[in-house]
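Here's the letter readout for the chains.
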There are 4 protein chains.
Amino acid sequence: MKNTFGTVLTVTIFGESHGGGVGAVIDGLTPGIKVDEALIRHQLSLRRPAGATATARREQDAFVIQSGVFEGKATGTPLCLFISNEDTRSRDYTPAVARPGHADYTAQCKYHGYQDYRGGGHFSGRLTAALVAVGAVLIGALREKGIVIGSHLQRCAGISDAPLDEAAYNDCTVLREQLCALNEKSFPVLDEEAGARMMDAIAVAKGEGDSVGGVIECAVVGLPAGLGEPWFDSLESRLAHILFSVPAVKGVEFGDGFAMGELRGSQANDAFRMRQGEIVTATNHNGGINGGISNGMPLRFRCALKPTPSIAKEQQTVDFINQQEQDFVVHGRHDPCVAHRARVVIDSVCAIALADALLERYGTDALAADGQK
Amino acid sequence: MKNTFGTVLTVTIFGESHGGGVGAVIDGLTPGIKVDEALIRHQLSLRRPAGATATARREQDAFVIQSGVFEGKATGTPLCLFISNEDTRSRDYTPAVARPGHADYTAQCKYHGYQDYRGGGHFSGRLTAALVAVGAVLIGALREKGIVIGSHLQRCAGISDAPLDEAAYNDCTVLREQLCALNEKSFPVLDEEAGARMMDAIAVAKGEGDSVGGVIECAVVGLPAGLGEPWFDSLESRLAHILFSVPAVKGVEFGDGFAMGELRGSQANDAFRMRQGEIVTATNHNGGINGGISNGMPLRFRCALKPTPSIAKEQQTVDFINQQEQDFVVHGRHDPCVAHRARVVIDSVCAIALADALLERYGTDALAADGQK
Amino acid sequence: MKNTFGTVLTVTIFGESHGGGVGAVIDGLTPGIKVDEALIRHQLSLRRPAGATATARREQDAFVIQSGVFEGKATGTPLCLFISNEDTRSRDYTPAVARPGHADYTAQCKYHGYQDYRGGGHFSGRLTAALVAVGAVLIGALREKGIVIGSHLQRCAGISDAPLDEAAYNDCTVLREQLCALNEKSFPVLDEEAGARMMDAIAVAKGEGDSVGGVIECAVVGLPAGLGEPWFDSLESRLAHILFSVPAVKGVEFGDGFAMGELRGSQANDAFRMRQGEIVTATNHNGGINGGISNGMPLRFRCALKPTPSIAKEQQTVDFINQQEQDFVVHGRHDPCVAHRARVVIDSVCAIALADALLERYGTDALAADGQK
Amino acid sequence: MKNTFGTVLTVTIFGESHGGGVGAVIDGLTPGIKVDEALIRHQLSLRRPAGATATARREQDAFVIQSGVFEGKATGTPLCLFISNEDTRSRDYTPAVARPGHADYTAQCKYHGYQDYRGGGHFSGRLTAALVAVGAVLIGALREKGIVIGSHLQRCAGISDAPLDEAAYNDCTVLREQLCALNEKSFPVLDEEAGARMMDAIAVAKGEGDSVGGVIECAVVGLPAGLGEPWFDSLESRLAHILFSVPAVKGVEFGDGFAMGELRGSQANDAFRMRQGEIVTATNHNGGINGGISNGMPLRFRCALKPTPSIAKEQQTVDFINQQEQDFVVHGRHDPCVAHRARVVIDSVCAIALADALLERYGTDALAADGQK
């Protein structure tokens, strides 16, 4: 449903880039979940532009919880978060020019000119701040259940990060540590040297008035087997649904994904084995999912992010009101790369989809921490 | 919702591989749409295993329309299709062995042993016959509106097909012809010579008791600009949702997808231009979608299909009832490659998602052909 | 969604009065639920016209389970039921005449003449056979959990049945016995003498070429407290939603309903009391629901059913194709009263709504009987 | 879905009685709809307690539009409204006492003590302010399309108002005038003398520390024929769903409703006739709906509202934390009657359900005023 996602846990987002702010309503939370404002702030800080290469737009992302929290805990009724916009410079935008790679023209086709065109309006990446705040609540709750989500910038500007641990036979010790470490990093790579080269390449692109894309790889440990539904509500379907809602994501693959198209069946199948009385797989080409349902191995998927469409170079475009071609330079303040900042958005929407699936499977109280009523 | 997809046009599927049959209910059809049984048969024939390399299971896929059609046209009330199973050999299956790469073990985790385990039961690719029959009704209706969907086997066993026409500046003449031609082919390639080599490679894999995967590329011409919703109901989200419901699909990308992660913004952006009074783009790296909404250019996406998990080679697995490891050879009759057969399934689910989006955008009568009441 | 009801347990119905048959798909069942075909037959027999006053259309309602049951138990994947039509006499219907009180004209407005007009087509009460078959599966499962649903014909043709036991302080012994007894009766009254007078009155109406309406009162014992959601998914909202889907239902009230509009607050409030360590209410004016959520007392609601619109008397109507007035006598075979037959439909849709709420609250396995895996 | 209603137009509500405030998100609005803040204020004023008999809690209901409006018009993306709480006196509430007739105890059962118990928290009638604000946007848009909604307090404290005009043969001139006049009145009756007696009776009840209930009758003129869906999304189902979400509503009936249960078919059927080239009915016992679909006659329904459960008299209840009985007097500030204030809530939720049905039937732009892009 347009701006609402989920079956039993639902998230509704609203807001615009240059309006009053952005926000979200989460409904269906297990009552009693701790709402950790420090964690929300931490997650928002990971999304926030920072460093030499980033956009000059800086906001503190101060959020207000408008409902649904009482004495520091989720009541179970709708939690509304609102994040005011602060540092907006709307004069940078004109209503009629279709910025290439952006939604300006398609918004015009859909909304007939009534859309708030400033800074992409409702289509702006600014709304991901609301998703990150929502995600922080769920990421915190999932951790209490032993479910840890984390991502790294697997590839950026042609440079690859070191791989995540394979967690073969479901030995997740190393992978879990990697994910926890990544969750603390503002530039999420395992190999700091590779990260430094990525940052250099981003700076080069910026210097040339250009931008770069990348690939985020996400993993989840601690998920129970048997989660997901057949066919249309497969874990892959639900996750891909919300992942493709994230701006700039143009590809999603689970396990070995597109590389599986090149394999033989004997290479792609994950052999089932017994380890310490548990059924596990020896490899994890399928990314922890068989037939759309979790098999207890780490969930693993990758998202391709296109390069930021806002670049300083002159581009060809049209004025869609006057229906004429024009040359054009994007003004406004933009990032030469959003892939590393998108990491926390990917983690957040992953948390939303998984929390929804868990609540549908195990009922309203599924996210209750041990000892919670 | 589990086995139901869609917002205003909904499709519900049911059935098992070795039960009475498989079927689907389509609700929300524009009344008066022609239900062309010949087209349904044609589409089902494209899905059916055929040729030397295919599974020995052969069924005529005779379907019965149980409701929703009156005097050859859709009434607008639910249309239920049922396809009986005929050629089932259930003795090939045992309840306790987790075939690697299949849903046997995850179904056990979810359904506690009550699932129909024979031939994958409800998780079987057999259910895609129902999706194809549903898709045929919608593909026919969309064609009447000038919207043509088609796919080719872009890559299989390491061999690439010729590319689809780029339809730059939205000149779709050649692309439309390619799609129409592909819709008639049982092995859907543009380059017959490449296709012959793919078939040889499939036969080699079969001879070695193995299987291969592939990549299906799909394109759609004739879609209006402005279709899709922001955020969670972006065209990409809806399409990916249903595409990942198709068995064996492990990756989905729109436009240049993962390759965009390697590009600069100046390379990935599609310049807007005027052509014959229409706003078009000079290139189509974004696959016809900006901000989740169609821009009037051809829709273009690719799906990675893993190799058929059922292979004749001995594999390692477990007996999940007795919780012990065992070596195992898949019996039953299986295809060494399903990618080419999956093509018509991809087209069908694409038609479902697009028809739903069109009906939500333009109302109940959006699929009425010219001259229809 | 049109012909699909439910959030996590969904029911989709299809079919027409004079087409191949009617059916339903239930999705989201707890795996392992017993599917008791004898109970389905029993429930269908309660819906079937019988006795001197009933319509002459007689069908055995033989049903086929097309999917979702394996070895006598629900698999948890979609269960499709199909009931063939047998005794159809389509010559009794013409496409253009709007039978007063029926959906012929509104169907024409909505479906532009493509609807199957024979016998009301998809709008026919015939589809309630599918709802009853679905309901039987759920009623059986709920009974295993101690939840008993039952109804009586509280009022018919101006005659009242004896009241259901009040179950004050939640002592449900007598009420439970009443409900169980009613579930065995084809004419569901507590007071057989009142029932005899109702039947006489129905026969009189029939003799005069007319029909009568009535009121069904339904009660449910054994429901846990805390079921339902705030606001839009209140128990009352969900139940009313599906109750108003039943043909002929024109009013629904919970607890004392409209009579509460006449009371003072001091009369309408139900005092909370302790009984054997349980919180109960001394009275049950609110019908077991406060703020949309069950309070552990018996659920109680009433449905008004209008008199059968098909009567033998001459009526004034229009031919909506030729747009002219005409006098008209309904042919076809019809009941002078459907209220007593509607009883089992009311129970069935109540079971659907409650099962959905229970599964959303307690998770997928909420309907598992004791000892079930 | 819990706190979200609708299929293509969705409304999500949030907030608590004594928290920061209450609000709502509307998604799916036709872009370009005028958002008339004066109309929102007017509608909120009709809901606000006023006069000698009303609760002493007085708030200005100042609202902020947090998103979705640009230059005075709906953008078509989510519109979030927020209304701050001002005049809260939380000391009046204790966490453990179940006020009879309220949701305190059921909230405890559902939320395990984490609910915001102050003033009913999320279950408070305070949230209807958000519904009224949402409704005002839609009521304004519907008026532009010639669709007028209005209600009167048909019965209160045993006193009846004069009847609405019957609009027989769909002559709505008088009825439309009545509805428009009612929309301006703070105590919505047609017969001012009856209204004065109702107000006296309310004052008497208040003087006795008690409260009264009532019946709201709502009518809608200008609705097209053919609106609604068969079975589960019948107009009656959708309307009843949202009407039963309104606190205190315990009964809903369409047309003659429960009175139809007492009629013969020959009395209850509405004869179809031709008038000025239009198909109409001579009477409107069915309330403008046949088979769940509008027939072009005025929509007509009634809602029973129970007396305000908060009364000054001593009542028996329990302390649900200490599990013991106690006598109890409600503190806080409350209305001796909410039925007249509920009128604008009924109109508002009616507008939500109808707007959703219109948008599903006619597409995204269905609410565009004449001349709007």
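Everything numeric in this text was worked out from a predicted model, so none of it was measured.

> So what's going on with the overall build of chain A? Which residues, and what values?
Counting secondary structure elements, chain A contains eight helices and 18 strands. Once the C-alpha set of chain A is aligned to its principal axes, its extents read approximately 70 × 50 × 35 Å. Here chain A, with 373 residues, has 68% of them falling under the buried criterion. Residue pairs at least 24 apart in sequence account for 74% of intrachain contacts in chain A once pairs closer than 6 positions are excluded.

> Residue-level account of the interface of chain D and chain B, with values.
Each partner contributes residues to the interface: chain D has ten residues there, and chain B has ten residues. Residues that form the side of chain D that touches chain B fall into these classes: four nonpolar, four polar and two charged.

> Could you give an account of the relation of the copies chain C and chain D, with specific residues and numbers?
Each copy of the sequence occupies a distinct position, and chain C is placed on chain D by a rotation of 180° and an axial shift of 0.0 Å, giving an RMSD of 0.0 Å. Expressed as an axis order, the relation between the two copies is that of a two-fold axis. Comparing interface residues between copies, 100% of those in chain C also sit at the interface in chain D, which points to an isologous, same-surface contact.

> Help me get a handle on the packing of helix H6 (residues 235-243) of chain B against helix H8 (residues 339-362) of chain B, residues and values and all.
Residues and elements named next belong to chain B. Two numbers describe how H6 lies on H8: the axes approach to 9 Å, and their chain directions differ by 140°. Classified by the angle between their axes, H6 and H8 sit oblique to one another. For the pair H6 and H8, the crossing hand works out as right-handed. Here H6 contributes Leu235, Arg238, Leu239, Ile242 and Leu243 to the contact with H8, which in turn contributes Ile346, Val349, Cys350, Ile352, Ala353 and Ala357. Split by residue class, the contact of H6 with H8 holds ten nonpolar, no polar and one charged.

> Requested: an account of helix H6 (residues 235-243) of chain D, with residues and values cited.
The buried fraction of H6(D) is high, at nine of nine residues. All of the buried residues along H6(D) are D:Leu235, D:Glu236, D:Ser237, D:Arg238, D:Leu239, D:Ala240, D:His241, D:Ile242 and D:Leu243.

> Tell me what's going on with the interface of chain C and chain D, and back it up with residues and numbers.
The parts lose accessible area when they come together, and the size of an interface is often stated as this lost area. Between chain C and chain D, the contact holds 88 residues from the first and 88 residues from the second. Looking at the side of chain C that touches chain D, its residues break down into 38 nonpolar, 34 polar and 16 charged. As judged from the three bridges shared by strand E11 (residues 249-254) of chain C and strand E11 (residues 249-254) of chain D, these two strands associate in the antiparallel manner. Counted as the bridge partner of C:Glu253 is D:Gly251 from E11(D).

> Please provide a residue-by-residue account of the relation of the copies chain D and chain B, values included.
Rotating chain D by 180° about the axis while translating it 0.0 Å along that axis superimposes it on chain B, leaving an RMSD of 0.0 Å. Interface overlap between copies: 100% of the residues of chain D at the interface are likewise at the interface in chain B, consistent with a symmetric, same-surface contact.

> Tell me about the sheet that holds strand E2 (residues 10-15) of chain B, and please be specific about residues and values.
Residue and element names in this part refer to chain B. If you trace the five strands from one edge of the open sheet to the other, you get E1-E2-E3-E7-E4, paired in antiparallel fashion. Both edges of this open sheet fall to strand E1 (4-5) and strand E4 (63-67), since each of them pairs with a single strand only. Sheet topology note: the strand E3 (residues 21-27)/strand E7 (residues 79-84) ladder contains six bridges and is antiparallel. Looking at the pairing, Ala24 lines up with Leu81 of E7.

> Now, about the pairing of strand E13 (residues 278-281) of chain B: what can you tell me, with residues and values included?
Residue and element names in this part refer to chain B. In terms of strand pairing, strand E12 (residues 272-275) meets E13 through four bridges, oriented antiparallel. Of the residues in E13, the one forming a bridge with Arg273 is Val280. The loop that links E12 with its antiparallel partner E13 comprises two residues; one of these, Gln276, has a positive phi angle of about 50°.

> Could you give an account of helix H5 (residues 192-207) of chain A, naming the residues involved and the relevant values?
All names here are of chain A. Helix length check: H5, at 16 residues, gives a terminal C-alpha distance of 22 Å against a target of 22 Å (1.5 Å per residue), a fit within 8%. All of the buried residues along H5 are Gly195, Met198, Met199, Ile202, Ala205 and Lys206. The arc that holds every buried residue of H5, seen down its axis, measures 120°, which confines them to one face. Projecting away from the buried face of H5 at angles above 90 degrees are the exposed residues Glu193 and Gly207. Residues of H5 that are buried in the fold lie against strand E8 (148-156) and strand E9 (159-160).

> So what's going on with unusual backbone geometry? Residues and values would help.
Positive phi, close to 55°, is recorded for B:Trp231, a residue that is not glycine. Turning to its location among the elements, B:Trp231 is positioned in the loop between strand E10 (214-221) and H6.

> Any chance you could break down the environment of C:Glu217 for me, citing the residues and the numbers?
Residue and element names in this part refer to chain C. Looking at the element boundaries, Glu217 is found in strand E10 (residues 214-221). Its 21 C-beta neighbours within 10 Å are what place Glu217 among the buried residues. Expressed as a C-alpha distance, the spacing of Glu217 and Phe301, which sit 84 residues apart in the sequence, is 5.8 Å. Discounting chain neighbours no more than four positions away, the residues touching Glu217 are Ser151, His152, Gln154, Leu164 and Arg302.

> Please set out the sheet that holds strand E1 (residues 4-5) of chain A residue by residue, giving values where relevant.
Residues and elements named next belong to chain A. The sheet built from five strands is open, its strands ordered E1-E2-E3-E7-E4 with antiparallel pairing. Of all the strands in the sheet, just E1 and strand E4 (63-67) have a single pairing partner and so form its edges. Taken together, the six bridges between strand E2 (residues 10-15) and strand E3 (residues 21-27) define a ladder with antiparallel strand orientation. Following the sheet pairing, Phe14 is matched in E3 by Gly23. Along the sheet face, helix H3 (residues 128-144) touches E2, E3, E4 and strand E7 (79-84) and points at about 35° away from the line of E3.

> Could you give an account of the environment of C:Gly23, naming the residues involved and the relevant values?
On the secondary structure map, C:Gly23 appears in strand E3 (residues 21-27). Note: C-alpha distance between C:Gly23 and C:Phe63 (40 residues apart in sequence) is 8.7 Å. Leaving out residues up to four positions away in the same chain, C:Gly23 has contacts with B:Gln66, B:Cys80, C:Phe14, C:Gly15, C:Cys80, C:Leu81, C:Phe82, C:Ile83 and C:Ala130.

> Can you explain the packing of helix H6 (residues 235-243) of chain A against H6(B)? Please cite residues and give values.
Taken N-terminus to C-terminus, the directions of H6(A) and H6(B) make an angle of 170°; their axes are 8 Å apart at the nearest point. The angle between H6(A) and H6(B) falls in the class roughly antiparallel. Residue-level inspection shows A:Ser237, A:Ala240 and A:His241 of H6(A) in contact with H6(B), the latter providing B:Ser237, B:Ala240 and B:His241. Residue composition of the contact of H6(A) with H6(B), grouped by class: two nonpolar, four polar and no charged.

> Kindly report on the pairing of E10(C), identifying the contributing residues and their values.
Residue and element names in this part refer to chain C. Burial within E10 is extensive, with eight of its eight residues counted as buried. Here E10 shows no split at all, with Gly214, Ile216, Cys218 and Val220 on one side and Val215, Glu217, Ala219 and Val221 on the other all buried. For strand E8 (residues 148-156) and E10, the ladder comprises eight bridges, and the chain directions are antiparallel. The residue of E10 that forms the bridge with Val148 is Val221. In this sheet, strand E16 (residues 299-305) lies alongside E10 in antiparallel orientation, the contact comprising seven bridges. If you follow Cys218 over to E16, its bridge partner there is Phe301.

> Lay out the confidence of the model for chain A in plain terms, naming residues and giving numbers.
Looking at chain A, the pLDDT average stands at 94 and 95% of residues meet or exceed 70. At the level of chain-chain contacts, confidence expressed as ipTM amounts to 0.97, with global pTM at 0.97.

> Break down the nonpolar core for me, with residues and values.
Counting residues in hydrophobic clusters, the biggest one holds 460 residues, and the most contacted among them are A:Ala133, B:Ala133, C:Ala133 and D:Ala133. The residues contacting B:Ala133, other than those within four sequence positions of it, are B:Ala24, B:Ile40, B:Leu44, B:Phe63, B:Leu81 and B:Ile83.

> Just give me the short version of the environment of A:Asp210, but keep the residues and values in it.
Its place among the elements puts A:Asp210 in the loop between H5 and strand E10 (214-221). Taking C-alpha positions, A:Asp210 is 6.3 Å from A:Ala312, a pair spaced 102 residues apart along the chain. The residues touching A:Asp210, leaving out its near neighbours within four places in the chain, are A:Ala205, A:Ile311, A:Lys313, B:Arg264, B:Gly265 and B:Ser266.

The rules behind these values
- Residues numbered from 1 in each chain as written.
- Chains lettered and ligands numbered in written order.
- Predicted model: local features only at pLDDT ≥ 70, side-chain atom pairs only at ≥ 80, totals over all residues.
- Helix = DSSP H or I, 4+ residues; strand = E, 2+ residues; numbered from the N terminus.
- Buried ≥ 20, exposed ≤ 12 C-beta atoms within 10 Å, placed from the backbone.
- Contact = placed C-beta atoms within 7 Å.
- Nonpolar A, V, L, I, M, F, W, Y, C, P; charged D, E, K, R; others polar.
- Least-squares fit on C-alpha atoms with pLDDT ≥ 70 in both.
- Axes fitted to C-alpha atoms, helices over the stretch in contact; angles between N-to-C directions.
- Parallel < 35°, antiparallel > 145°, perpendicular 65-115°, else oblique.
- Left-handed = near helix turned anticlockwise from the far one by under 90°.
- Pairing = 2+ DSSP bridges.
- Expected span 1.5 Å × (residues − 1).
- Arc of directions from axis to C-beta.
- pLDDT = per-residue confidence, 0-100.
- Core = buried A, V, L, I, M, F, W, Y, C linked by C-beta atoms within 7 Å.

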